[in-house]
Amino acid sequence: CQLMVVHDAAHDPRELVEWQRLGLRTHVCIPLQVGRRALGLLGLASYQKHRFSPQRREMFTAAGAVIGLAIEKGRAIAEIARRAEQLALSLQEAKEALETRKLVEQAKGILMQRGGLNEAEAFRRLQRLSTDRCQPLKQTALQVLAADGIFSERSPAGPGTCRSVPLL
């Protein structure tokens, strides 16, 4: 992980043959690193011969460190964004699960009240209906609530909800 400058790339045995064929004269390899950890290399090539002062070489090394740090920060930000997305998805799934649980509890209450079932029997009935109809438990619970609303003359959406009445 050290700066490497090839002054006569066309004749240097360390240089890539393809680059020698192109007639490159100067090649600089700048290590991109954070601390002592290497992230990659930045290569600069020129068709002209260049000699770099010690200050210019230090500048290349410093630039490699800055670029390495920027890459590292970019990776960290991407990881944070990925994790935030996962958390948002988990939160949405938890909200949906809670909503489903509330609806199932309400539907169980209706089945217990109307059918004289205990809680376990009411839940098994909901599960069986859901399985028989090949639909999610939430949808079955909503149907039970809607049916109860029809028979009890109250809206399954709750009190104060407007209901449309068909005109004959």
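What you are looking at is a predicted structure, and each value in this text was computed from that prediction instead of being measured.

Asker: Tell me what's going on with helix H4 (residues 137-152), and back it up with residues and numbers.
Answerer: Taking 1.5 Å of rise per residue, the 16 residues of H4 would be expected to cover 22 Å, and the 22 Å separating its terminal C-alpha atoms lies within 8% of that figure. Among the residues of H4, Thr140, Ala141, Val144, Leu145, Asp148 and Gly149 are the ones counted as buried. If you follow the buried residues of H4, they end up packed against helix H2 (54-115) and helix H3 (119-132).

Asker: A description of the sheet that holds strand S2 (residues 26-34) should follow, citing residues and the corresponding values.
Answerer: Reading across from one edge, S1-S2-S3 is the order of the three strands in this open sheet, with antiparallel pairing throughout. Each having just a single partner strand, strand S1 (4-6) and strand S3 (37-46) make up the two edges of the open sheet. Direction aside, neighbouring strands of the sheet carry axes that sit 15° apart on average. Direction of pairing for S1 relative to S2: antiparallel, over a ladder of three bridges. Residue pairing across strands places methionine 4 opposite cysteine 29, the latter belonging to S2. Each of S1, S2 and S3 touches H2; the most contacted strand, S2, lies at about 45° to it.

Asker: I'd like a description of the packing of aromatic side chains, backed by residues and values.
Answerer: All told, the structure shown has one aromatic pair when counted by the stated rule. Centre to centre, the rings of phenylalanine 52 and phenylalanine 60 are 5.1 Å apart; their planes meet at 80°, and the pair counts as edge-to-face. Residue class for phenylalanine 52 comes out buried when judged on its relative accessible area of 18%. Overall, the relative accessible area of 11% leaves phenylalanine 60 in the buried class.

Asker: Which residues make up the packing of H3 against H4, and what values go with them?
Answerer: Here H3 crosses H4 at 110°, and the two axes come no closer than 9 Å. In this view, H3 runs roughly perpendicular relative to H4, as classed from their interaxial angle. Handedness of the crossing formed by H3 with H4: right-handed. For the pair H3 and H4, the contacting residues are Phe123, Leu126, Gln127, Leu129 and Ser130 in the first and Leu137, Thr140, Ala141 and Val144 in the second. Residue composition of the contact of H3 with H4, by class: six nonpolar, three polar and no charged.

Asker: Let's hear about the pattern of salt bridges: which residues, and what values?
Answerer: In this structure the tally under the stated criterion is six salt bridges. Two residues, glutamate 105 and lysine 108, come together in a salt bridge whose shortest N-O distance is 3.1 Å. Taken together, the residues glutamate 105 and lysine 108, both in helix H2 and three residues apart, mark about one turn of the helix. Using a relative accessible area of 34% as the deciding quantity, one classes glutamate 105 as partly exposed. The partner of aspartate 148 in a salt bridge is arginine 114, with the nearest N and O atoms 2.7 Å apart. Placement of aspartate 148 in helix H4 and of arginine 114 in helix H2 is noted, with a sequence separation of 34 residues between them. Relative accessible area serves as the criterion here: at 5%, aspartate 148 is assigned to the buried category. Take arginine 114: its relative accessible area is 53%, and that puts it in the exposed class. Put simply, Glu105, Lys108 and Glu119 are held in one network by salt bridges that share partners.

Parameters at a glance
- Residues numbered from 1 in each chain as written.
- Predicted model: local features only at pLDDT ≥ 70, side-chain atom pairs only at ≥ 80, totals over all residues.
- Heavy atoms only, no water.
- Helix = DSSP H or I, 4+ residues; strand = E, 2+ residues; numbered from the N terminus.
- Expected span 1.5 Å × (residues − 1).
- Buried < 20%, exposed > 50% of the residue type's maximum accessible area, 1.4 Å probe, protein only.
- Contact = heavy atoms within 4.5 Å.
- Pairing = 2+ DSSP bridges.
- Axes fitted to C-alpha atoms, helices over the stretch in contact; angles between N-to-C directions.
- Phe/Tyr/Trp six-rings, centres within 6.5 Å; stacked < 30°, edge-to-face > 60°.
- Parallel < 35°, antiparallel > 145°, perpendicular 65-115°, else oblique.
- Left-handed = near helix turned anticlockwise from the far one by under 90°.
- Nonpolar A, V, L, I, M, F, W, Y, C, P; charged D, E, K, R; others polar.
- Salt bridge = Lys/Arg side-chain N within 4 Å of Asp/Glu carboxyl O.

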